[in-house]
Amino acid sequence: MDTAVLTAARKQLIFALDVPDRKEAARFARELNGRVGCFKVGLELFIKEGPEVLKAVSGEADADIFLDLKLHDIPATVQGALRSASALGARYITLHASGGKAMLEMSRRAVDEGLEVLAVTVLTSMSPADLQDQGYPSETTISDLVCRRAELARSAGCSGIVCSGEEAAMVRKLCGAIFKIVTPGIRPAWSLVEGDDQSRIVTPGQAVERGADMIVVGRPIRSAEDPGEAADRIVRELAGFDAD
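The rules we used
- Residues numbered from 1 in each chain as written.
- Predicted model: local features only at pLDDT ≥ 70, side-chain atom pairs only at ≥ 80, totals over all residues.
- Heavy atoms only, no water.
- UniProt positions renumbered as here; feature names shortened; annotations may be inferred.
- Helix = DSSP H or I, 4+ residues; strand = E, 2+ residues; numbered from the N terminus.
- Buried < 20%, exposed > 50% of the residue type's maximum accessible area, 1.4 Å probe, protein only.
- Contact = heavy atoms within 4.5 Å.
- Phe/Tyr/Trp six-rings, centres within 6.5 Å; stacked < 30°, edge-to-face > 60°.

As annotated in an unreviewed UniProt entry, the protein carries the name Orotidine 5'-phosphate decarboxylase and comes from Candidatus Nitrohelix vancouverensis. Under Pathway (unreviewed entry), UniProt gives the following word-for-word description of the protein: "Pyrimidine metabolism; UMP biosynthesis via de novo pathway; UMP from orotate: step 2/2." Within the UniProt record for the protein, the comment given under Sequence similarities (unreviewed entry) is "Belongs to the OMP decarboxylase family. Type 1 subfamily."

Next up, the structure:
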């Protein structure tokens, strides 16, 4: 296999550290060091462990940190939070595109400081019925809303967006090649997840074919008998090789 191709594919893989504590996060960081390109620290883990969890992960692995906090507040508060996140050494952070243009424009300062801000368009757990429950007209589709919010994020200066693989191709066509697309809700064909709370899922190969720059994978790696081998299989698929 082409080592350069595999190295590039590895940088596309984000592992979601959806674990109970800092000790477990450090263990996975150590085990997956060199096998994934980025570690995602979500809201639950960050609230429990605080900034120290980023130090624990960075101390075990040479990889980027994705701080997935999905910020949504008034612009001044978000601006302060972005400054703090940048000081922690995070490479990526998320905020909700639904917060509006003024809030999204706060991302420009963070980008200047080396932090890439990604706007969450529509959560991958949401279905069309959820949009109606929130008061959107019945004719509003998830794809429409994702594309509208992606355009807003791009015009506001965000580095990219988070959307499902189902909308990635549309966003890529709409926002161009430079705009970053991160896709969660990834399920390899060989991975079955019981009680899945993701409603819009695709395989790793499908995600990149549709325009995703990076993918977020959690349970298929975390629940595998050999997490490192599971990560390697996903990297091979991203590289266009046989995952087996």
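(A) Focus on the environment of L152. Mapped onto the elements, L152 comes out in helix α9 (residues 142-156). For L152, a relative accessible area of 27% gives the class partly exposed. A C-alpha to C-alpha distance of 8.4 Å links L152 and L104, two positions 48 residues apart in sequence. With sequence-adjacent residues up to four places away left out, L152 is seen in contact with A97, G100, K101 and L104.

(B) The arrangement of the packing of aromatic side chains in detail. Enumeration over the complete set of coordinates arrives at three aromatic pairs. Aromatic side chains F15 and F28 sit 5.4 Å apart centroid to centroid with 45 degrees between the ring planes, which places their arrangement in the tilted category. With F15 in strand β1 (residues 13-16) and F28 in helix α2 (residues 22-32), this pair connects stretches of sequence that are 13 residues apart. For F15, a relative accessible area of 0% translates into the label buried. Owing to a relative accessible area of 2%, F28 belongs among the buried residues under this scheme. Summarising the aromatic geometry, the rings of F15 and F39 are spaced 6.4 Å apart at their centres and angled 90 degrees between planes, so their arrangement reads as edge-to-face.

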